[in-house]
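Report on the structure
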Amino acid sequence: MNTTADAGKVEIKDNRATITFTRFLKHSPMTVWEAITTPEDFSAWYSGKVAIDPRVGGMFEVWTSGDFHWTGRILVWEEPKVLEYEHNHVPCKMLPSGANTIVRWELTPVKEGTSLTFTQSRLKSNFGFAPAMHVFLERLEAHLCKQKLPDFMERFRAVMPLYPVWRADDFEREEV
């Protein structure tokens, strides 16, 4: 896997970060859409349990190992083009001030597949978000190709040096 070519972009503006990844997938937009919107498929590559109420205003929830339980409302549901939802977490040991982010998946048909653009905005720290998403996208591609999924922690450690370490000035303070 060519990690440098697949590296995402981290932009920091107004004390918040946005991560963006663009990937070409050799699958139709509908196949990719199903992999990111069907709870069973999403759970298979993401390494967590997922619940999705597939409509604008519906809930998107992810439970992963440890203390992580991400929740949020679906803001955009345009099958098979755009999925956008809140990705929120209450304060916990790993996220002392919690997280209130927005996740957006955009699927564009291109010759022989789909151009996928993943964006997560309003991040207060890197907390490994960029390297984690890098690995999740590798796992999504492997899932779509019916290949063995890359080991999450092994790949996370390998791609971590590609991304900046950053924390917002107000990370430790409560949001007002």
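Anyway, here's the lowdown on the structure attached to this text.

Scoring rules and cut-offs
- Residues numbered from 1 in each chain as written.
- Predicted model: local features only at pLDDT ≥ 70, side-chain atom pairs only at ≥ 80, totals over all residues.
- Heavy atoms only, no water.
- Pairing = 2+ DSSP bridges.
- Helix = DSSP H or I, 4+ residues; strand = E, 2+ residues; numbered from the N terminus.
- Axes fitted to C-alpha atoms, helices over the stretch in contact; angles between N-to-C directions.
- Buried < 20%, exposed > 50% of the residue type's maximum accessible area, 1.4 Å probe, protein only.
- Contact = heavy atoms within 4.5 Å.

1. Here's the deal with the sheet that holds strand β7 (residues 99-110)
- Pairing within the open sheet is antiparallel, and its eight strands lie in the order β1-β2-β8-β7-β6-β5-β4-β3. One side of each edge strand has no neighbouring strand; the edge strands of this open sheet are β1 (9-13) and β3 (49-52). On average, adjacent strands in this sheet sit at an angle of 20 degrees to one another, irrespective of strand direction.
- As paired elements, strand β2 (residues 16-25) and strand β8 (residues 113-123) share eight bridges and run antiparallel to each other.

2. Focus: the pairing of β3
- Every second residue of β3 is oriented toward a common face, the buried set being Val 50 and Ile 52 and the non-buried set Lys 49 and Ala 51.
- Here four bridges tie β3 to strand β4 (residues 59-63), and the two strands are oriented antiparallel to one another. Paired with Val 50 across the strands is Val 62, a residue of β4.

3. Re the environment of Leu 25
- When you line up the elements, Leu 25 lands in strand β2.
- With a relative accessible area of 2%, Leu 25 lands in the buried category.
- In sequence terms Leu 25 and Gly 113 are 88 residues apart; their C-alpha atoms lie 5.6 Å from each other.
- Those residues in contact with Leu 25 that lie beyond four places of it in its chain are Val 32, Glu 112, Gly 113, Thr 114, Leu 116, Leu 140, Glu 141 and Leu 144.

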